[in-house]
Amino acid sequence: MELCTRIQDRFPSAAVQGDFSFARHTTIGTGGIAAAAVFPRSGHELAELLTWLQEEDIPHCLLGAGANVLAADAPFQGVVIKFSRMTDIALLPDGNILAQAGVTGGALLRFAAGRGRGGLEVLSGIPMTVGGAVAMNAGVSEGHIGDFVVRVTAVCNGKLTELNEQECRFSQKDSIFLRKKCAVVSVMLRTRACYSDEIARRRCYFLKKREHLPKGRSMGCVFVNPPEGSAGALIEACGLKGMRVGDAYVSLQHANFIINEGRSSRDIDCLIRLVSERVKRRTGIRLREEIQRLP
Ligand SMILES: Cc1cc2nc3c(=O)[nH]c(=O)nc-3n(C[C@H](O)[C@H](O)[C@H](O)COP(=O)(O)OP(=O)(O)OC[C@H]3O[C@@H](n4cnc5c(N)ncnc54)[C@H](O)[C@@H]3O)c2cc1C
């Protein structure tokens, strides 16, 4: 039986889409077609779905804004779980913000600013959903989303679970959610009372710092900075700026960005491997990939 029909038979009220294009839902603009995508509306729906997918041995993956992923070109005979219907957000009486996994970075910052709650401006301009950002511990040198996390509700091994900040085990571009393949449902974020002009000033400051980032289709930084320093500086020192495979090239502006002008994840994957090999050969440093490969 076709995968969409099987899902719809088991979950009659679920929002299901067939032939889901990774290329259309990732910032790099590549990737093949998945047989089905499901758009859960709540943590309970998500938990039931994940349990069933596991029992039925159906491959699946989680997708936020698709800003840090490289999806394979081959068709995916599985299910993409997309969080775009989980976008509730609320200000709690203690000043914390409770946001579901599918809330985008822009929506989160607008919501906080509109209620005079500050702190999160360090995340300005980062393409993200709350779920993807928590999984990746997204941020900049001045702060990461993990710094603001009070508690996360997630589905781990099919069960809805609450984790405090320590249990999330945030580290550089990493968290328990990536390591254990737990799905973030909602996140409680600490904020502070702030005047709106102060929030606006901080937002401008962080957005301005991003002006030098390359334009064009990318996944942001490809590699995590190693203890020896900046991954971009290392790649540049190895003379790899501008290196090209097919339609993908190492940005001339920022060597840790790969810009895609075509439709093939294969070119990008090839280029990532080449850059990694050259850096290893010339410096002895093994770069860890920041980008996540799907499915
Ligand atoms: C132009 C550009 C600039 C960028 N700048 C920055 C930057 O300054 N700082 C930075 O940290 N990053 C940056 N990034 C990378 C990216 O924005 C972040 O990693 C962001 O957190 C990705 O969020 P997302 O929702 O797009 O997650 P996705 O890319 O969709 O997913 C990333 C990972 O999280 C998993 N995931 C997604 N949703 C969930 C969920 N609900 N529960 C559990 N796991 C989930 C996915 O399976 C995948 O493994 C940049 C990217 C681009 C394209």
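Residues numbered from 1 in each chain as written. Predicted model: local features only at pLDDT ≥ 70, side-chain atom pairs only at ≥ 80, totals over all residues.

Here the focus is the overall build of the chain. Each helix and strand in the chain was counted, giving 8 helices and 18 strands. Here the chain has a C-alpha radius of gyration of 20 Å; the compact-globule value for 295 residues is 19 Å, and the two agree. Seen through its principal axes, the chain has C-alpha atoms that stretch 55 × 55 × 30 Å. For the chain, buried positions account for 41% of its 295 residues. (Helix = DSSP H or I, 4+ residues; strand = E, 2+ residues; numbered from the N terminus. Rg over C-alpha atoms; globule rule 2.2 N^0.38 Å. Buried ≥ 20, exposed ≤ 12 C-beta atoms within 10 Å, placed from the backbone.)

The next subject is the nonpolar core. Residues Val134, Ala154, Ala183, Val184, Val187 and Ile258 are the most contacted members of the largest nonpolar core, which totals 82 residues. For this core, the element with the highest residue contribution is strand E13 (residues 183–189), accounting for 6 residues. Apart from the residues within four sequence positions on either side, valine 184 is in contact with Ala101, Gly131, Val134, Ala135, Val152, Ala154 and Phe177. (Core = buried A, V, L, I, M, F, W, Y, C linked by C-beta atoms within 7 Å. Contact = placed C-beta atoms within 7 Å.)

Every one of the 33 residues lining the ligand counts as a neighbour, but Gly64, Ala65, Gly131, Gly132 and Gly220 are closest to it. Only strand E3 (60–63), helix H4 (130–136), strand E9 (139–140), helix H5 (176–179) and E13 provide two or more residues apiece to the shell around the ligand. Of the residues forming the shell around the ligand, the biggest block, 5 residues, is contributed by H4. Split by residue class, the shell around the ligand holds 22 nonpolar, 11 polar and no charged. (Near = placed C-beta within 6 Å. Nonpolar A, V, L, I, M, F, W, Y, C, P; charged D, E, K, R; others polar.)

In a beta sheet, neighbouring strands pair by backbone hydrogen bonds and run either parallel or antiparallel. The 5 strands lie next to each other as E6-E7-E13-E11-E12, forming an open sheet whose pairing is antiparallel. Here the strands that pair on one side only, and so sit at the sheet edges, are strand E6 (89–91) and strand E12 (159–164). On average, each strand axis in the sheet is tilted by 15° relative to the strand beside it, whichever way the strands run. In terms of strand pairing, strand E11 (residues 149–156) meets E12 through 6 bridges, oriented antiparallel. Bridged to valine 152 within E12 is leucine 163. (Pairing = 2+ DSSP bridges. Axes fitted to C-alpha atoms, helices over the stretch in contact; angles between N-to-C directions.)

Taken domain by domain, the chain comprises domain 1 (7–82), domain 2 (89–209) and domain 3 (214–286). The straight-line distance from the C-alpha centre of domain 1 to that of domain 2 is 23 Å. Each partner contributes to the interface: domain 1 provides 12 residues, whereas domain 2 provides 15 residues. Counted by class, the side of domain 1 that touches domain 2 contains 6 nonpolar, 6 polar and no charged residues. (Domains from an automatic or database assignment.)

Attention now goes to unusual backbone geometry. Here the residue pair leucine 294 and proline 295 is connected by a cis peptide bond, since its omega of 0° sits within 30 degrees of zero. Note on placement: proline 295 falls in the segment after strand E18 (292–294). Its identity is not glycine, yet aspartate 57 carries a phi of approximately 60°, on the positive side. Mapped onto the fold, aspartate 57 is located in the loop between helix H2 (43–55) and E3. Judged by local crowding, aspartate 57 falls into the exposed class, with 6 C-beta atoms found within 10 Å.

Right, let's get into the pairing of strand E7 (residues 97–100). Two strands pair when backbone bridges link them, and E6 and E7 are joined in this way by 3 bridges, in the antiparallel orientation. Bridge pairing in E7 places alanine 90 opposite leucine 98. Between E6 and the antiparallel strand that follows it, E7, lie 5 residues; glycine 95 among them carries a positive phi value of about 95°. Of the strand pairs in this sheet, E7 and E13 are connected by 4 bridges, and their pairing is antiparallel. Bridging across to E13, alanine 99 finds its partner in valine 187.

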